[in-house]
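As a plain string of letters, each chain reads:
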Amino acid sequence: MLKLLNVSFHYPGGAGVNGISLELRPSDFALLVGRTGAGKTTLLKLISLELTPDAGDLTLEKFRTSSMKDAHKPLWRRRLGIVHQNLQLLEDRSVLENVRLAAICEPNLNHAKARALKVLSRVHLSHKIHSYPPQLSTGEQQRAAIARALVNEPFLLLADEPVSNLDALTSAGIIDLLHHCSQSGMAVLVATHQPERFESVKPIVYKMDDGRVFRQ
Ligand SMILES: Nc1ncnc2c1ncn2[C@@H]1O[C@H](COP(=O)(O)OP(=O)(O)OP(=O)(O)O)[C@@H](O)[C@H]1O
Ligand SMILES: [Mg+2]
């Protein structure tokens, strides 16, 4: 489904990622681990096309970055669900609105709302749909961001540090939720510096160090 071959990217200051190759198949649950600054977020941004590689090739199903037209980028992005490291929820919109507005695959407003309600129920947030993000706990905000990422039924879910600010119990609930996504056929790629929290789901582990990746 997703394949990276020798992907490199460097920021103007010189930091970045070097010669990354990895592959994800449907239902894979993979971790991207490594200390701060190792390049985890950068790699997720390359996969979501937020950054353009300097070299190498990314393939997602029939799309290939090295030969892809700009017009195809939205089709690529539509296949992904992204949970950002800083969540990026709209603070002046309710939880329901945050999720509904992301439902770009559903132009009909009522259908988009129904889809948002369904996915919010799946992450156990039905009782908070009219709250605003600042009124939620950190774990609830994380679940709202996951609901938003799931609303278009992506093939691949990218989650950047989804459990880093959570206590053990809340973290276990989020991991369970992400694991269910992979069991339903989605590929899930999680950046984390706490891989021990994920031991129970037996993930594939890609370790990043100094912009390089090694499969464990
Ligand atoms: N916009 C940017 N401009 C220049 N350098 C950047 C930029 N974003 C990240 N970097 C640098 O690229 C390297 C990798 O950063 P990245 O955010 O990918 O690390 P990370 O593994 O996600 O770290 P963390 O665990 O702290 O989230 C770091 O050295 C960082 O300083
Ligand atoms: Mg990061």
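These lines cover the structure that appears in this document, whether it is placed above or below. (Residues numbered from 1 in each chain as written. Chains lettered and ligands numbered in written order. Predicted model: local features only at pLDDT ≥ 70, side-chain atom pairs only at ≥ 80, totals over all residues. Heavy atoms only, no water.)

**Quick notes on the sheet that holds strand 9 (residues 204–209)**
The strands making up a sheet associate through hydrogen bonds between their backbones, and the pairing can be parallel or antiparallel.
Working step 1: Within the open sheet, the 6 strands sit side by side as 6-7-8-3-9-10. Their pairing is mixed. A single partner strand is all that each edge strand has here, and the edge strands are strand 6 (80–83) and strand 10 (212–215). Here the strands of the sheet are splayed against their neighbours by 20 degrees on average, with no regard to which way each runs.
Working step 2: Note: strand 9 against strand 10, 4 bridges, orientation antiparallel. Within strand 10, the residue paired with Y206 across the bridge is R215.
Working step 3: On top of the sheet, helix 1 (residues 40–47) reaches strand 3 (29–33), strand 6, strand 7 (156–160), strand 8 (187–192) and strand 9; it is set at about 150 degrees to strand 7, its chief contact. (Pairing = 2+ DSSP bridges. Helix = DSSP H or I, 4+ residues; strand = E, 2+ residues; numbered from the N terminus. Axes fitted to C-alpha atoms, helices over the stretch in contact; angles between N-to-C directions. Contact = heavy atoms within 4.5 Å.)

**Side note on the layout of surface pockets**
Working step 1: Reported here for the largest pocket is a volume of approximately 420 Å³.
Working step 2: Lining the largest pocket are 16 residues, with R77, L80, I82, A102 and N152 positioned closest to its centre.
Working step 3: Those elements that provide at least two residues to the lining of the largest pocket are helix 2 (73–78), strand 6, helix 3 (95–102) and helix 5 (138–150).
Working step 4: Of the residues contributing to the lining of the largest pocket, the split by class is 7 nonpolar, 5 polar and 4 charged.
Working step 5: Considered as a void within the structure, the second largest pocket measures approximately 170 Å³ in volume.
Working step 6: Lining the second largest pocket are 14 residues, and of these T41, K45, H84, Q85 and D160 sit closest to its centre.
Working step 7: Among the elements of the structure, helix 1, strand 6 and strand 7 are those that each provide at least two residues to the lining of the second largest pocket.
Working step 8: Residues of the lining of the second largest pocket, tallied by class, amount to 5 nonpolar, 6 polar and 3 charged. (1 Å grid on protein atoms, 1.4 Å probe; cavity = no way out; pocket = protein on both sides within 12 Å on 5 of 7 lines; lining within 4 Å. Points joined across faces, edges and corners; volume = space filled by probe spheres on them. Nonpolar A, V, L, I, M, F, W, Y, C, P; charged D, E, K, R; others polar.)

**Some words on the coordination of the magnesium ion (ligand 2)**
Working step 1: Those donors, T41 (OG1) and Q85 (OE1), are the protein atoms that reach the magnesium ion (ligand 2), and they lie 2.0 to 2.4 Å from it. Taken as a pair, T41 in helix 1 and Q85 in the loop between strand 6 and helix 3 lie far apart in primary sequence, 44 residues in all. (Donors = N, O, S within 2.8 Å, 3.2 Å for Na, K, Ca; no water.)

**Notes on the site of ligand 1**
Working step 1: The full set of residues close to ligand 1 is Y11, A15, R35, T36, G37, A38, G39, K40, T41, T42, Q85 and E161.
Working step 2: With respect to ligand 1, the side chain of K40 contributes an N or O atom lying 2.7 Å from an oxygen atom.
Working step 3: Here an oxygen atom of ligand 1 and a side-chain polar atom of Q85 are 2.9 Å apart.
Working step 4: Protein chains shield 61% of the accessible area of ligand 1, which is 640 Å² for the free molecule.
Working step 5: Its residues assigned to classes, the shell around ligand 1 comprises 3 nonpolar, 6 polar and 3 charged. (Near = heavy atom within 4 Å. Polar contact = N/O pair within 3.5 Å; in protein donor to acceptor, adjacent residues only side chain to side chain. Areas by Shrake-Rupley, 256 points an atom, 1.4 Å probe, with all protein chains shown as cover.)

**Some thoughts on the pairing of strand 1 (residues 2–10)**
The side chains of a regular strand alternate, residue by residue, between the two faces of the sheet.
Working step 1: As paired elements, strand 1 and strand 2 (residues 16–24) share 6 bridges and run antiparallel to each other. Counterpart to L2 in the pairing with strand 2 is L24.
Working step 2: Between strand 1 and strand 2, which pair antiparallel and follow one another directly, the connecting turn spans 5 residues, one of which, G14, has a positive phi of 110 degrees.
Working step 3: Note: strand 1 against strand 4 (residues 55–60), 5 bridges, orientation antiparallel. By the bridge assignment for strand 4, S8 is matched with A55.

**Description of unusual backbone geometry**
Working step 1: One non-glycine residue, L87, lies in positive phi territory at about 65 degrees.
Working step 2: Note that L87 resides in the loop between strand 6 and helix 3.

**Here we look at the sheet that holds strand 4**
Working step 1: Read from one edge to the other, the open sheet built from 4 strands follows the order 2-1-4-5, with strand pairing classed as antiparallel. Among the strands making up the open sheet, the edge pair consists of strand 2 and strand 5 (63–64).
Working step 2: Sheet strands touched by helix 1: strand 1, strand 2 and strand 4. Its angle to strand 1, the strand with the most contacts, is close to 120 degrees.

**Quick notes on the nonpolar core**
Side chains of a nonpolar character, in soluble globular proteins, are inclined to be buried together.
Working step 1: Of all hydrophobic cores here, the largest spans 40 residues; its most connected members are L120 and L157.
Working step 2: Of all the elements in the fold, those that place two or more residues in this core are strand 3, helix 3, helix 4 (109–122), helix 5, strand 7, helix 6 (168–183) and strand 8.
Working step 3: By residue number, the principal contributor to this core is helix 5, which donates 6 residues.
Working step 4: What L120 contacts, discounting residues up to four positions off in sequence, is V95, L96, V99, L125, S126, I129 and A147.
Working step 5: Core analysis: the next-biggest nonpolar cluster, separate from the first, contains 32 residues, L22, L49, L80 and A187 among them. (Core = buried A, V, L, I, M, F, W, Y, C linked by side-chain atoms within 4.5 Å. Buried < 20%, exposed > 50% of the residue type's maximum accessible area, 1.4 Å probe, protein only.)

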